[in-house]
There are 2 protein chains.
Amino acid sequence: MAQKRKRNVYLKMQTLDGALKVWSERTCGLRTPVENIEAARALHRITAGPVVAARSVPHYHGAAMDGFAVRAEQTFGAGDVHPMRLVVGETAFPVDTGDPLPEEANAVIMIEQVEMVGEREVEIRAAAFPWQHVRKVGEDIVAGEMLIPQHHRLRPSDIGALLAAGVLRISVFARPRVSIQPTGTELVPAERAAEAAPGEIIEFNGTVLAGMVTECGGESVLREIVADDYESLVKAIAGAVASDADVVIVNAGSSAGSEDFTSSIIGELGEVLVHGVAMMPGKPVILGIISGKPVIGVPGYPVSAIMAFEQFVVPLLHSLQALHAPSFETAEATMGRKTPSKLGLEEFVRVIVGRVRGEMIAMPIQRGAGLITSLVRADGMIRIPQEQEGVEVGEKVMVRLLRPKGQLDRTLIMIGSHDNTIDVLANELKRRDSRIHLSSSNVGSLGGLVALRRGQAHLAGSHLLSTETGEYNFSYIEQYLRGVPIRVVQLAKRQQGLLVRPGNPKDIRGIEDLVRPDVSFINRQAGSGTRILFDYSLAQSFVEPGSIRGYDQEEFTHMAVAVNVLSGRADAGMAIYASAKALGLDFLPVAEERYDLVIPESSFPNPGMDLLLEIIASESFREVVKSLGGYDVSASGTVVGRWNGEEWLA
Amino acid sequence: MAQKRKRNVYLKMQTLDGALKVWSERTCGLRTPVENIEAARALHRITAGPVVAARSVPHYHGAAMDGFAVRAEQTFGAGDVHPMRLVVGETAFPVDTGDPLPEEANAVIMIEQVEMVGEREVEIRAAAFPWQHVRKVGEDIVAGEMLIPQHHRLRPSDIGALLAAGVLRISVFARPRVSIQPTGTELVPAERAAEAAPGEIIEFNGTVLAGMVTECGGESVLREIVADDYESLVKAIAGAVASDADVVIVNAGSSAGSEDFTSSIIGELGEVLVHGVAMMPGKPVILGIISGKPVIGVPGYPVSAIMAFEQFVVPLLHSLQALHAPSFETAEATMGRKTPSKLGLEEFVRVIVGRVRGEMIAMPIQRGAGLITSLVRADGMIRIPQEQEGVEVGEKVMVRLLRPKGQLDRTLIMIGSHDNTIDVLANELKRRDSRIHLSSSNVGSLGGLVALRRGQAHLAGSHLLSTETGEYNFSYIEQYLRGVPIRVVQLAKRQQGLLVRPGNPKDIRGIEDLVRPDVSFINRQAGSGTRILFDYSLAQSFVEPGSIRGYDQEEFTHMAVAVNVLSGRADAGMAIYASAKALGLDFLPVAEERYDLVIPESSFPNPGMDLLLEIIASESFREVVKSLGGYDVSASGTVVGRWNGEEWLA
């Protein structure tokens, strides 16, 4: 039982800078072995020593043009007034580009500047100067010269220079070899994902880390999963260290959890330099050395694992080849949302980034270390230093980019309510122009309108019902976007309804049945479009909210509601059809609502925005959305309203 | 004979933009086949369709912390004043991170916030709120949700998300396959470089282009060299087109030279879209289509080949995978030297780039399309538009970088006289810190001092003899660097002498023998340090310059002088020992001269500069330089003078 097991504590948590210093001091002198390989296969490898040319290029005096080789001195005096004739084979020798010059020649006259006179003679109207149009010996490369310095990463043109200079083999650092050891009794290989039981976790960190090793120019061996058993772990880690790997990564087993043995084992087999770094995600990292080899215990949560790898393994894999890690691409941006952070922890916050109204805006997204999709969705990352308690709205931040910088100006920022059709839209944009990216942050309809007012987004998704008029969005725009000219474009109408377990075991027929004592309900948070619609539907059916069991239990997304129903925590909840379909639930339609894109006129002109509107109105988009089920796309792309900031235009 | 062969002319030269437009219109719809591969092996591949999650992550409600799972409602009321006791196994269940929650639980209390009371009970002092420290089903990924859009290049974290979501196979575009056909009777494979006769040229472009294909995510097949014979070429090109390649590159045979058949053959087998583009280097490019496959005739000069590939093949290899080519990294710089360019030609000029006195400076280097080393040495490239006649000194230019941008601030710009020890220095800098780069432009000693005055370099190499004092550099600094505080550091003393053919067949004993009628001489250009030294030596020996045959024949580098002697064009020339050694010539010492580094005080503080001075004074540097021969390094690193801009300091 957990309470009986011995618990580790972090020996002494280090700051990130402190840990990096210790790590670098102990590993910066390590190098992979030097190997001598074919120059033609040395692309992107790192030279272990200076490379000297074996031969000169060119290795002979050659014609640089098609024409006639001559002795320049013999052409002096030739001019327009006094053309000069040369005898072919005696004083003028036909040459093509690359041909060696005849012994006596020292210049080439271009074919275009020569006139043939019969079979044997050519006439020239200008003198040649010595060495004109001649590629002289050693003009490009001189034998014995240094061609490439050591510690240089070879580019295609470098390889060309090596081959040209007769350098066929070259000494480079071996690619760093990394042995990756996944550990954990709960882990299941990805191939068996479909069979994973509750409590089992798909092992995918190993593949992610292997990909990162590749990006550092290294090679990796992904070892078989080992269970959380002390003896097995000792054997596995000792085996990895004894292999030909230059670096060993153990994942996970690096936190202070009760089954986390990695630190003790590294300490037993070698030396633990650091256990625990004041960074988030990535805190429970272990840095150690066994038999002279760096061994890194990387945390189990995927984002933590990636951050720990970036901080400690990326520089190591470079220094093993005598390189410094390349600096990340960055961009300055203005923070769009207040983002608190713990004092004493370096925090890395994932953000979406785009240029709105000329200003680069960064909006934080989910922070959970377990959310691999947060890295998939993020455009970048900001680092909040440990001496800072967070970042305020409007503060300038330096964003380390996770996408090519050139794409930033083509990123559309969408903040507001989420709908599955937004994914379709994002995909269509990328399909038509791979540079255009739709980054979205889901904060609910009202949050989206507020972001628009603050100039933090190009568009918002909104489905806010006005319970007085039965109309959507307009009254909220009047209230929240005074002074901001807006175009409202209908994306789709969608069905909201009650989700119930497959087969509807409680036989719920509609909203009226929610008051039954044997039925429990799960609600959405106050202020969400769905909650407003639900309350409106209750009022229309004269159902008293207080009479519904679970009305006070709130969730924040459609999917969360669906999950509650699927797991039996509630018998019913209100959500869109797509969420029922995703989890295989039954769906009882309650109402159709309009989901609009709310777009400030200041978002135009923008090629991405134009393309987006074109897509929404296209037949292919409608077809795909229709196939999702639960959508009416007959009026998709229609401008349903134009607001000049003061009033609605006709 | 050349004058009899038929000559092609460029059908119609296109502008670069015009050619790109035609090319893109005809090829932008082409895609490589879609293939279904293992997700774990899909790193950096491009998705051919949107990818949907096969399962939810997590797929069960799990503990996010080590501790006790509880039903939150049962803990309400617990507080510091009113601690609450829970019964283990009944109302509190021990869980580790990742464990599934027991059916009735909906929250986790961290182990740190629980006190054990005997074996069976735990005490809590705060209520749990529902779902605290719980990873809920679908929190990261919901089954059926779009995970990755199409046309997305998969990063390690994306692969992680795929595996987590149970996506084991994925549809991606096949890597573009490129068949590279080297053509040319004069070509010799690089393996046979040592045997290459005059007129034979080492084939290395194919390997360079193959490397560039790799960098675009493609695969290449480098075919065997084919001679310039019409029938063989037809067969080879038709064979390449009939292979499984998506793209065929023919190199070279693309100019209007007499043996250049490629254009006719592409026209015969398919269609020539463009022949000749108004760009330099790269003009004689051919763009064609055979049987629906893009076929590109790439020029033979290596820099031309690379430029043509970058302009036309890089975008193609990306669009075949539905991507846009990434934009190049750029930096704005100030042009340090007037650079003329032809109207009507887009010219690409290679430059070295570094930050001098706070300003980013670009200095052009050699422009020859045949000089592969110009790309090895360049830090970047500027593009002079066809409607512009060149770039003036001080003009702002946008430099496309050929090195990581982060290295620019660590690049030392050295302009002036070249010496082989500079290569040693550059190598030592890189050995000690791979980020530090010494970029040099060789314009002679005086040119270096002028560049320092203009603030265009961090240091200059100089060996200017004052014939009045017999001293080096000081009088020139007084004259050219008034107002510029300078530190003069001795790099080495080096021997200058007469180069003669091996075995000294003309039995030349010294300067006095140069006046012999059977001896011809090759001189250096007026103003060069070597010329000044030579004239000084003549004067000291009372030799009349006019009595030396060839005194008026000038070359611009030590190596060019050596080449003249080696090839027999001259019997003797004055140069440094290293140039004799490089080409295996005999060397008759004439004088020892001081080669100094002239460094403006404004170049400090600079970590690279500090390291450079440390290296010069080091024993290891001296050893390497001594081994080159012809150097006296006993005082290397000595500050031989300090000039405050007005006078020399004691």
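Computed from a predicted model, the values in this text were never measured in an experiment. (Residues numbered from 1 in each chain as written. Chains lettered and ligands numbered in written order. Predicted model: local features only at pLDDT ≥ 70, side-chain atom pairs only at ≥ 80, totals over all residues. Heavy atoms only, no water.)

### Here's the deal with the overall build of chain A
Piece 1. Counting its secondary structure elements, chain A contains 15 helices and 38 strands.
Piece 2. Dimensions of chain A, computed from the C-alpha atoms along their principal axes, are close to 115 × 75 × 45 Å.
Piece 3. Considering only residue pairs separated by 6 or more positions, chain A has 77% of its internal contacts joining residues 24 or more positions apart.
Piece 4. Roughly 25,100 Å² of accessible area belongs to chain A as shown, and the carbon and sulfur atoms make up 52% of that amount.
Piece 5. On chain A, the mean spot of the 64 positive side-chain charges and the mean spot of the 79 negative ones are 5 Å from each other. (Helix = DSSP H or I, 4+ residues; strand = E, 2+ residues; numbered from the N terminus. Contact = heavy atoms within 4.5 Å. Areas by Shrake-Rupley, 256 points an atom, 1.4 Å probe, with all protein chains shown as cover. Lys, Arg positive; Asp, Glu negative; His and termini not counted. Charge placed at Lys NZ, Arg CZ, Asp CG, Glu CD.)

### So, the side chain of H463(A)
All names here are of chain A.
Piece 1. Mapped onto the fold, H463 is located in the loop between β31 (460-462) and α10 (474-480).
Piece 2. Residue classification places H463 among the buried residues on the basis of a relative accessible area of 3%.
Piece 3. Here the side chain of H463 touches S417 through a polar contact of 3.1 Å, side chain to side chain. (Buried < 20%, exposed > 50% of the residue type's maximum accessible area, 1.4 Å probe, protein only. Polar contact = N/O pair within 3.5 Å; in protein donor to acceptor, adjacent residues only side chain to side chain.)

### Looking at the pattern of salt bridges
All names here are of chain A.
Piece 1. On inspection of all chains with the given rule, the structure shows 84 salt bridges over all chains.
Piece 2. Across the pair E25 and K21 runs a salt bridge whose closest N-O atoms are separated by 3.2 Å. Taken as a pair, E25 and K21 lie in helix α1 (residues 16-27) at a separation of four residues, close to a single helical turn.
Piece 3. Overall, the relative accessible area of 52% leaves E25 in the exposed class.
Piece 4. Between E271 and R26 there is a salt bridge, and its shortest N-O distance comes to 3.0 Å. Pair noted here: E271 is in strand β18 (residues 271-275) and R26 is in helix α1, with a separation of 245 residues, a long-range link.
Piece 5. What makes E271 partly exposed here is its relative accessible area of 35%.
Piece 6. The exposure class assigned to R26 is partly exposed, which follows from its relative accessible area of 38%.
Piece 7. Salt bridges linked by common partners bring R85, E121, E123 and R125 together as one network. (Salt bridge = Lys/Arg side-chain N within 4 Å of Asp/Glu carboxyl O.)

### Thoughts on the relation of the copies chain A and chain B
Piece 1. For these two chains of identical sequence, chain A goes onto chain B by a turn of 180° and a shift of 0.0 Å along the axis, with RMSD 0.1 Å. In the structure described here, the two chain copies are related by an operation that fits a two-fold rotation axis. Residues of chain A ranked by C-alpha distance from the rotation axis are headed by E329(A), positioned 5.0 Å from it.
Piece 2. Comparing contact sets, 100% of the residues at the interface of chain A also lie at the interface in chain B, consistent with an isologous, same-surface contact. (Least-squares fit on C-alpha atoms with pLDDT ≥ 70 in both.)

### Focus on helix α6 (residues 302-319) of chain B
Piece 1. Over its 18 residues, α6(B) extends 25 Å from the first C-alpha to the last, a length consistent with the 26 Å expected when each residue adds 1.5 Å.
Piece 2. When you tally the buried positions in α6(B), you get 17 out of 18 residues, the bulk of the element. (Expected span 1.5 Å × (residues − 1).)

### Focus: the sheet that holds strand β21 (residues 293-298) of chain A
Residue and element names in this part refer to chain A.
Piece 1. Read across the open sheet, the six strands follow the order β16-β13-β17-β21-β20-β18; overall the sheet is mixed. The strands lining the two open edges of the sheet, one partner per strand, are β16 (219-222) and β18. If you compare each strand with its neighbour and ignore which way they point, the axes differ by 20° on average.
Piece 2. Both β18 and strand β20 (residues 286-290) contribute to a ladder of four bridges, which runs antiparallel. (Pairing = 2+ DSSP bridges. Axes fitted to C-alpha atoms, helices over the stretch in contact; angles between N-to-C directions.)

### Things to note about helix α14 (residues 607-616) of chain A
Residues and elements named next belong to chain A.
Piece 1. Within α14, seven of the 10 residues are buried, which leaves the element mostly enclosed by the surrounding structure.
Piece 2. What α14 keeps buried is the set G608, M609, L611, L612, L613, I615 and I616.
Piece 3. Elements that come into contact with the buried residues of α14 comprise β29 (411-416), α8 (420-432), β30 (437-442), β32 (486-500), β36 (586-600) and α15 (619-628).

### With respect to the sheet that holds strand β5 (residues 84-87) of chain A
Residues and elements named next belong to chain A.
Piece 1. Taken in spatial order, the three strands of this open sheet run β5-β9-β8, and their pairing is antiparallel. If you trace the sheet from one side to the other, it starts and ends with β5 and β8 (114-117), each paired once. Strand-to-strand twist in this sheet, taken as the mean axis angle between neighbours without regard to direction, amounts to 35°.
Piece 2. The pairing of β5 with strand β9 (residues 121-124) spans four bridges and is classified as antiparallel. Across the sheet, M84 pairs through a bridge with I124, a residue of β9.

### As for the interface of chain A and chain B
Piece 1. Facing the 112 residues of chain A at the interface are 112 residues of chain B.
Piece 2. Summed over both partners, the interface of chain A with chain B buries about 8,900 Å², with 59% contributed by carbon and sulfur atoms.
Piece 3. Viewed at the interface, chain B and chain A are joined by two salt bridges.
Piece 4. Two residues, E555(A) and K136(B), come together in a salt bridge whose shortest N-O distance is 2.9 Å.
Piece 5. For the pair chain A and chain B, the interface holds 37 residue pairs in polar contact (both at pLDDT 80 or more).
Piece 6. Put simply, the parts of the chain that give the side of chain A that touches chain B at least two residues each are β11 (146-148), α2 (156-164), β15 (201-203), α3 (205-215), α7 (372-377), α8, α12 (558-566) and α13 (577-583) of chain A. (Buried area = accessible area lost by both parts, 1.4 Å probe.)

### Some thoughts on the packing of helix α1 (residues 16-27) of chain B against α6(B)
All names here are of chain B.
Piece 1. It is at 11 Å that the axes of α1 and α6 come closest, and there the two elements cross at 25°. Between α1 and α6, the interaxial angle falls into the category roughly parallel. Between α1 and α6 lies a crossing of right-handed hand. Between α1 and α6, the contacting residues are L16, A19, L20, W23 and T27 on the first element and Q311, F312, L316 and S319 on the second.
Piece 2. The residue inventory of the contact of α1 with α6, partitioned by class, reads six nonpolar, three polar and no charged. (Parallel < 35°, antiparallel > 145°, perpendicular 65-115°, else oblique. Left-handed = near helix turned anticlockwise from the far one by under 90°. Nonpolar A, V, L, I, M, F, W, Y, C, P; charged D, E, K, R; others polar.)

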